[in-house]
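What follows is each chain in one-letter form.
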Amino acid sequence: MLYIALAATIGILLLQWTGSIPLESVGGSLTIGLIYILAAVAVGIHEAWTKKRAVLGWIVNLVVSIVGAFVAAPLGGGILAMLLSDGTQSLAAAGGLRFSLALIGGMLVTLLGSWCALWIVNRWR
């Protein structure tokens, strides 16, 4: 799972550094959200593959992983925005290191939420 976090973090930073995340429109938020969801799907697939789940297990893993990401991302993102923001402008408008840290932190919080949701469901199995 560490490899998923590393690959997702590097991927989102590469998107930011190459200018592929538009900062002037809603497209930037959608791009970031899509990358977060794809990383959560990767976590669900990895867990289903390594635990040799049946078809129903794969479906449950993917749904639980995505739900965990949807719960954790707004909570962690809001906390990170409060911690990293200076109050004068948004993190995307500020750009630079603070925006990179916000992207990394958001990705790690999203993946943590996905992993925790899978851990809770695995305790019930």
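Above this text is the structure in question.
The rules behind each value
Residues numbered from 1 in each chain as written. Predicted model: local features only at pLDDT ≥ 70, side-chain atom pairs only at ≥ 80, totals over all residues. Heavy atoms only, no water. Axes fitted to C-alpha atoms, helices over the stretch in contact; angles between N-to-C directions. Helix = DSSP H or I, 4+ residues; strand = E, 2+ residues; numbered from the N terminus. Parallel < 35°, antiparallel > 145°, perpendicular 65-115°, else oblique. Left-handed = near helix turned anticlockwise from the far one by under 90°. Contact = heavy atoms within 4.5 Å. Nonpolar A, V, L, I, M, F, W, Y, C, P; charged D, E, K, R; others polar. Buried < 20%, exposed > 50% of the residue type's maximum accessible area, 1.4 Å probe, protein only. Core = buried A, V, L, I, M, F, W, Y, C linked by side-chain atoms within 4.5 Å. Patch = residues over 30% accessible without salt bridge, like charges linked within 9 Å, V, L, I, M, F, W, Y side chains within 5 Å. Areas by Shrake-Rupley, 256 points an atom, 1.4 Å probe, with all protein chains shown as cover. Salt bridge = Lys/Arg side-chain N within 4 Å of Asp/Glu carboxyl O. Phe/Tyr/Trp six-rings, centres within 6.5 Å; stacked < 30°, edge-to-face > 60°.

**Some details on the packing of helix α1 (residues 2-17) against helix α5 (residues 96-124)**
Direction vectors running N to C along α1 and α5 enclose 150 degrees, while the axes themselves pass 10 Å from each other. With respect to α5, the axis of α1 lies roughly antiparallel. Seen along the crossing, α1 lies across α5 with a hand that is right-handed. The segment α1 lies against α5, with Ile-4, Ala-5, Ala-8, Thr-9, Ile-12, Leu-13, Gln-16 and Trp-17 engaging Gly-96, Phe-99, Ser-100, Leu-103, Ile-104, Met-107, Leu-108, Leu-111 and Trp-115. Of the residues that constitute the contact of α1 with α5, the class distribution is 13 nonpolar, four polar and no charged.

**Digging into unusual backbone geometry**
The residue Lys-52 is not glycine, and still its phi comes out positive at about 55 degrees. With respect to the element layout, Lys-52 can be found in the loop between α2 (26-50) and α3 (55-84). Residue classification places Lys-52 among the exposed residues on the basis of a relative accessible area of 73%.

**Notes on the nonpolar core**
Ranked by internal contacts, the top residues of the largest apolar core, which has 19 residues, are Ile-12, Ile-32, Tyr-36, Leu-103, Met-107 and Leu-111. Within the residue set of this core, elements represented by two or more residues are α1, α2 and α5. No other element matches α5, which puts eight residues into this core. The contact partners of Met-107, leaving out residues within four places of it in the chain, are Ala-8, Thr-9, Ile-12, Ile-35, Tyr-36 and Ala-39.

**Quick notes on a nonpolar patch on the surface**
A cluster of nonpolar side chains, Val-55, Leu-56, Ile-59, Val-63, Val-67, Val-71 and Leu-75, forms an exposed patch at the surface whose accessible area comes to about 700 Å². Checked against the element boundaries, Ile-59 lands in helix α3.

**Things to note about the pattern of salt bridges**
Note that side chains of opposite charge can pair when their charged atoms are close. Enumeration over the complete set of coordinates arrives at one salt bridge. Note that Arg-53 and Glu-47 form a salt bridge whose closest N and O atoms lie 3.2 Å from each other.

**Points about the packing of aromatic side chains**
Taken as a whole and judged by the stated rule, the model has one aromatic pair. Ring geometry for Trp-49 against Trp-58: centres 6.3 Å apart, planes inclined by 85 degrees, an arrangement best described as edge-to-face. Look at Trp-49 and you get exposed, because its relative accessible area is 64%.

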